Structures are given as structure tokens and as C-alpha cells.
Amino acid sequence: PVLPRPLVPTRFDLKHVFGASDAGRAWCQDQLRGARSTGIFTPPSTTPTVIFPGNIGGSNWSGMSFDPVRHLAVVPSNRLITVVDLIPRDSVHEVMRRGNRFDEYAPQAGTPYAMRRRHLVAPDGAPCNPPPWGTLTAIDLESGKVRWDRPMGSVAQLASHPGSKAWGSPNLGGTMITAGGIVFAGGAVDHRLHAYDIENG
């Protein structure tokens, strides 16, 4: 599609690893060492493969809302770097024993591999890709153009970092628009209800 423009990036350049601190960036770089990052439809392999904007990325999970008067759709979206790799079935238990408790595994019955998926979030709470990590976007459904795009939510443990209010937050929650033109959105990791003016965000 030509319009609307992509709401999130569809490729992650390994040169752009983010870190809220030097230690966080070093952790992220270590996790991504040797990974493949060739675009949104790269199939997983035994080499760690970057999935971006992630399996919860884009507007995949959260419901959008529609304003029938202004002809605007308001869409929440995510950008959260994820790494997927295939693990030979006879190595799965050892990999699980050494892995992070947040890693996700899928057995993939009928194949010689299991799948491991990891959202790359440094120990300090910052995802390894540059912010914003969650946004709200208003799209004019007549022109197909983006009316406004704003970071949504915040990550509490990063509040002391300058500029962190503009970083947004991964979010899994829909939006609601009132007749008076207020957009409500929840689902960010800050557990707050956010309100936006539908005209300008």
C-alpha cells in the first residue's frame, strides 16, 4: 500500500542498538552479536534472527478506534526488537536451563527444531532498539495521510533519563474516542490511562 505510510519501521539496522546507559547498550550489543537482520519477512534459522518491529510490533495486537465525524482512525503500535532462533530438539532442555525466564519456547511438533523468542530489553528496562517503543497515530481515512503521531506511555525505571518522556512504552491495549474528541488509550507498561486531543494529539 502507498497510503498510509508504514506506521513503524520494518527493518532494524544492527548499527543502531539503543542503550539508556553504557551498560545497557553493551548488554544489547552482546545479545545481538552474530544475529541476522535483513528485514520484516526474514525466516528464522539456527542463527539468531531479528524480528522487527517484533511479534507484538506494528498495530498487530491492540484495537484501533474510528471517529465517524472526523474520519480519523487512531491506531496504537509497538516497536520492540525480538530475536528468534531455531534450536535443535535435542538441545532444547539445555538452552531452556541456561536461558532467561522471560524467553518463550514453542515445540514445533513434526520438525527437528523448537523455536525460542526473546524480546530484547536490557536489565535497566530499556528495549535495545531506539525509541519510541509505543505510539498512537491518527490517520485521515479520506486522504490516507497521518494527521499526528505521538509516543504513548512511559517506562517507570527510565524516568530519570533526560528525554525519557518522549520514549513511549510497549503497549497492549486499544483506544477509545469520545464524541467530544478525546482519545483514551491504555495498555502501556506504566498502567495509566492516557488522554489525547484528537485534533492534534
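Quick caveat, the model's predicted, so the values are computed rather than measured. (Residues numbered from 1 in each chain as written. Predicted model: local features only at pLDDT ≥ 70, side-chain atom pairs only at ≥ 80, totals over all residues. Heavy atoms only, no water.)

K.L.:
Looking at this structure, how should I read the sheet that holds strand β2 (residues 65–67)?
P.N.:
Two pairing modes exist for strands in a sheet, parallel and antiparallel, and in both the strands are linked by backbone hydrogen bonds. Strand order in this open sheet of 4 strands is β2-β3-β7-β8, and the pairing throughout is antiparallel. Looking along the sheet, the strands with just one partner apiece sit at the ends: β2 and β8 (146–151). Strand-to-strand twist in this sheet, taken as the mean axis angle between neighbours without regard to direction, amounts to 20°. Of the pairings in the sheet, the one linking strand β7 (residues 134–140) to β8 comprises 5 bridges and is antiparallel in character. Bridge pairing in β8 places Ile-139 opposite Val-146. (Pairing = 2+ DSSP bridges. Helix = DSSP H or I, 4+ residues; strand = E, 2+ residues; numbered from the N terminus. Axes fitted to C-alpha atoms, helices over the stretch in contact; angles between N-to-C directions.)

K.L.:
Help me understand the environment of Glu-94 in this model?
P.N.:
One can find Glu-94 in helix α2 (residues 92–98). Counting along the chain gives 35 residues from Glu-94 to Ser-59, while the straight-line C-alpha distance between them is 35 Å.

K.L.:
Can you help me understand the packing of aromatic side chains in this one?
P.N.:
Here the distance between the centres and the angle between the planes together describe a pair of aromatic rings. In this structure the tally under the stated criterion is 5 aromatic pairs. Where Trp-133 meets Trp-167, the ring centres are 5.6 Å apart and the plane angle is 65°; that geometry is what we call edge-to-face. Within this pair, whereas Trp-133 is found in the loop between β6 (113–119) and β7, its partner Trp-167 is found in the loop between β8 and β9 (175–177), the two being separated by 34 residues in sequence. What makes Trp-133 buried here is its relative accessible area of 0%. A relative accessible area of 12% means that Trp-167 is categorised as buried. Ring centres of Trp-148 and Tyr-196 lie 6.1 Å apart, and the angle between their planes is 15°; this geometry places the pair in the stacked category. Within this pair, whereas Trp-148 is found in strand β8, its partner Tyr-196 is found in strand β11 (residues 194–197), the two being separated by 48 residues in sequence. Of the residues examined, Trp-148 reaches a relative accessible area of 3% and is grouped as buried. Judged by its relative accessible area of 10%, Tyr-196 falls in the buried class. An aromatic cluster is defined as three or more aromatic residues linked by ring pairs; in this entry it consists of Phe-18, Trp-133 and Trp-167. (Phe/Tyr/Trp six-rings, centres within 6.5 Å; stacked < 30°, edge-to-face > 60°. Buried < 20%, exposed > 50% of the residue type's maximum accessible area, 1.4 Å probe, protein only.)

Interpretation note: all reported values are geometric properties and have no functional meaning in isolation.
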